[in-house]
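# Per-entry structural report
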Amino acid sequence: MPIDESTSTEHLETYVLAGGCFWCLDALYQKVRGVAEVVSGYTGGHLDNPDYRSVCSGTTGHAEAVAVSFDPSVIPGEVILDMFFTMHNPTTLNRQGYDIGTQYRSAMFPLNDGQRADFESAIERVSELWADPIVTTIEPVGPFYIAENVHQNFYARQPGEGYCQVIIDPKLAKARQKFSPWITEPATAQ
């Protein structure tokens, strides 16, 4: 899927974000008012057409990422980015909890100079909230490869899955506390 400046339309903006397992970010953004689409995928690597197994090997250089398309007249980009930094720990290099490897890095992939500036501002803004330095990188987006169907809208389809209950549910609870005006409830299995 080509993700570039043309991806953002007159009414929608698309951010490409990586913050650990893409299931976590997908779970939140699927519930956010003003978000039109969330696509889980792989970007930032050097292998064409990677799949989940190759990305998890840590040898492709890809990050598990989401492409979040939202309407900025409904939800500001700043809120989308604050949610990103709430859903993962941006101070741990190549790790989110038990998920370890470069595919789980904290990274932002701007589609244009405006997004780069927004991402830099967001990092600066949230750095005051963390005791340790932010390690989130800003990287060229490169090709964005859509992840397998099983990874799309995973949480809504598998809420009883162990990973969802142990890892995602607490993150969603934290996001609900901070961003309740933006979150629609509940996402239902499809």
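Look up: the structure comes first, before these words.
Quick look at the structure, then. All values reported here derive from a predicted model rather than from experimental measurement. (Residues numbered from 1 in each chain as written. Predicted model: local features only at pLDDT ≥ 70, side-chain atom pairs only at ≥ 80, totals over all residues. Heavy atoms only, no water.)

## What about the overall build of the protein chain?
Secondary structure summary: the protein chain contains six helices and eight strands in total. Ordered by position from the N terminus, the helices and strands of the protein chain form the series β-α-β-α-β-α-β-β-β-α-β-β-α-α. Radius of gyration (C-alpha) of the protein chain: 15 Å, near the 16 Å computed for a compact globule of 190 residues. With the C-alpha coordinates of the protein chain rotated into their principal frame, the extents come out at 40 × 40 × 35 Å. Among the 190 residues that make up the protein chain, the fraction classed as buried is 51%. (Helix = DSSP H or I, 4+ residues; strand = E, 2+ residues; numbered from the N terminus. Rg over C-alpha atoms; globule rule 2.2 N^0.38 Å. Buried < 20%, exposed > 50% of the residue type's maximum accessible area, 1.4 Å probe, protein only.)

## As for the environment of T60
Topologically, T60 is positioned in the loop between α2 (52-56) and β3 (63-70). Put simply, T60 and S73 are 13 residues apart on the chain and 37 Å apart in space, counted from C-alpha to C-alpha. Ignoring sequence-local partners within four residues, the contact set of T60 consists of G45, H46, L47, S54 and V55. Polar side-chain contacts of T60 include one of 2.8 Å to the side chain of H62. (Contact = heavy atoms within 4.5 Å. Polar contact = N/O pair within 3.5 Å; in protein donor to acceptor, adjacent residues only side chain to side chain.)

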